[in-house]
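Structural characterization, general
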Amino acid sequence: MRTDESKNRKRTELHRHLDVSFRASTLADLVKTLGISAPFHDEEEVRTKFWVTRQMGSLGEVLSCFGIFQQVLRTPAILERVAREVIEDAGAEGIGAIELRYSPSFTSKVSGLSWGVALDAFLRGLEAGARATGVNAGLICIVTRDYGVGVAGETIDFAIQNKDAFLAVDLAGNEEQFPNKMFVEPFRRARDAGLHVTIHAGEACGPESVWDALDLLGAQRIGHGISSVKDAELMKRLARDGVLLEICPTSNFVTRSIPSWDAHPLKRFLDAGIPVSLSTDDPGIFGVTLEEEYQRARRLLGLSDADFDRIDRYARKYTFL
Ligand code: HPA
Ligand code: ZN
């Protein structure tokens, strides 16, 4: 399924959430060991009863399934294990470089672990995984919109204090209720400190959210950016300024960012000269691999080998690693 050029080259993934990227077996194991009540009892039930593979009503409905991850992100040893396994699985899948993002506030919300202790645990796991596989991995620090502007400021302070550990900052969570304009000041400080910026935008909201991510928050890349297709001026701006859209096809379908597979604008972005990459977003909840995202893009979105070669080049060019 891959061309000779791309077959031998390892892929680069730019958008995956570390704090919700659990193996089904690990999630089942942790729930059992920690005695947490969950809608599944074993690995098979994680796949059949917990993973969200059908189309949901909204992004908010998908985000409401994430609570179980906060319950199991309980100890430094667990965080280290999750990070190591993500890298091991990425290596086994033929990924050579991966940017992983997580929200310190989301991760520690239930456990109460200090953000520094949690970061160190994730870093230990990434290093162990990298030693075992040779995968090049880096972290992005997420501000969770839903916790408000006060926590956003604390998260950016944390990212700046740990600048050596983070490639960039991001804004994720409920885009409709917590718009970009709330977060101008913390993101200005992040940029002043020299951190790169990527913003989840145009996923649940219209093109105005992408404009604000660019003009108010200084986004260099956009997570999803799906609704940009509705605004010809915005399409020109993204192409002209070379703003990469981190496209996650399965996520876009499940969160109803697109009404149907037919409506996915990936091909139109490529045709407009906008840089795009392919990623899994939340494999711990969508049960998807990067290879499956490529297969769906071919089968459902009509991408060709030449398109994939372009996408792979964009991912290598636009990575913050
Ligand atoms: N959008 C917003 N917030 C998120 C996502 C997403 O796709 N995944 C995890 N947190
Ligand atoms: Zn995301």
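Glancing now at the overall build of the protein chain. Helix and strand counts for the protein chain stand at 17 helices and eight strands. Taking 2.2 N^0.38 as the reference for a compact globule, 321 residues should give roughly 20 Å; the C-alpha atoms of the protein chain span a radius of gyration of 18 Å, in line with that estimate. Taking the principal axes of the C-alpha coordinates as reference, the protein chain spans close to 50 × 45 × 40 Å. Of the contacts formed within the protein chain by residues at least 6 apart in sequence, a portion of 76% connects residues at least 24 apart. Here the protein chain has roughly 12,400 Å² of accessible surface; of this, 49% comes from carbon and sulfur atoms. Between the centroid of the 39 positive side chains of the protein chain and the centroid of its 46 negative side chains there is a distance of 2 Å.

Running from N to C, helix α11 (residues 207-215) and helix α12 (residues 232-241) cross one another at 35 degrees; their axes reach a closest spacing of 10 Å. Here the hand of the crossing between α11 and α12 comes out left-handed. The residues of α12 that touch α11, namely those facing Pro207, Val210, Trp211, Leu214 and Asp215, are Glu233, Leu234, Arg237 and Leu238. Residue composition of the contact of α11 with α12, grouped by class: six nonpolar, no polar and three charged.

Glancing now at the site of ligand 1. Neighbouring residues of ligand 1: His17, Leu59, Leu63, Phe66, Ala172, Gly173, His200, Glu203, His224, Asp281 and Asp282. Interatomic distance of 3.2 Å between a side-chain N/O atom of His224 and an oxygen atom of ligand 1. Contact between ligand 1 and Asp281: an oxygen atom at 2.7 Å from a side-chain N or O atom of the residue. For ligand 1, whose free accessible area comes to 260 Å², the fraction covered by protein is 94%. Its residues assigned to classes, the shell around ligand 1 comprises four nonpolar, four polar and three charged.

On to the packing of helix α2 (residues 24-34) against helix α3 (residues 43-50). It is the contact of α2 with α3, at a shortest axis distance of 7 Å, that shows an interaxial angle of 105 degrees. The angle between α2 and α3 falls in the class roughly perpendicular. Here α2 contributes Ala24, Ser25, Leu27 and Ala28 to the contact with α3, which in turn contributes Glu43, Val46, Arg47 and Phe50. Of the residues belonging to the contact of α2 with α3, the class tally is five nonpolar, one polar and two charged.

Let's shift gears to the environment of Val82. Turning to its location among the elements, Val82 is positioned in helix α6 (residues 76-92). Ignoring sequence-local partners within four residues, the contact set of Val82 consists of Leu18, Ser21 and Phe22.

Here is what the cut-offs are and how they apply
Here the residue index of a chain counts from 1 through its sequence in written order. Working convention: letters from A go to chains and numbers from 1 go to ligands, in the order in which they are written. Predicted model: local features are reported for residues with pLDDT of at least 70 only, side-chain atom pairs are reported and counted for 80 or more only, and whole-chain, interface and lining totals are derived from all residues. Neither water nor hydrogens contribute to the side-chain values; these are computed over all heavy atoms in the structure. Working definition: helices are DSSP H or I runs of at least four residues, strands are E runs of at least two. Numbering for both runs from the N terminus. To get the radius of gyration, use the C-alpha atoms; to get the globule rule, take the number of residues to the power 0.38 and multiply by 2.2 Å. Residues are treated as being in contact if the distance between any of their heavy atoms lies within 4.5 Å. Per-residue accessibility takes into account occlusion by the displayed protein chains alone, with areas from the Shrake-Rupley method and a 1.4 Å probe. Only four residue types enter the charge count, namely Lys and Arg as positive and Asp and Glu as negative; His and the chain termini do not. Where a charge lies is defined by one atom per residue type, namely NZ (Lys), CZ (Arg), CG (Asp) and CD (Glu). Here an angle of 0 to 180 degrees is reported between the N-to-C directions of two axes, which are lines fitted to C-alpha atoms, with helices fitted over the stretch in contact. The handedness criterion is simple: a crossing whose near helix is rotated anticlockwise from the far helix by less than a right angle is left-handed, and one whose near helix is rotated clockwise is right-handed. Residue type decides the class: Asp, Glu, Lys and Arg count as charged, Ala, Val, Leu, Ile, Met, Phe, Trp, Tyr, Cys and Pro as nonpolar, and the leftover types, Gly among them, as polar. Proximity is defined per residue: any heavy atom of the residue falling within 4 Å of a molecule or strand makes that residue near it. Between N or O atoms, a polar contact is any pair within 3.5 Å; within protein, one atom must be a potential hydrogen donor and the other a potential acceptor, and residues adjacent in sequence are included only when both atoms are from side chains. Small angles under 35 degrees read as roughly parallel and large ones over 145 as roughly antiparallel, with 65 to 115 read as roughly perpendicular and the rest as oblique.

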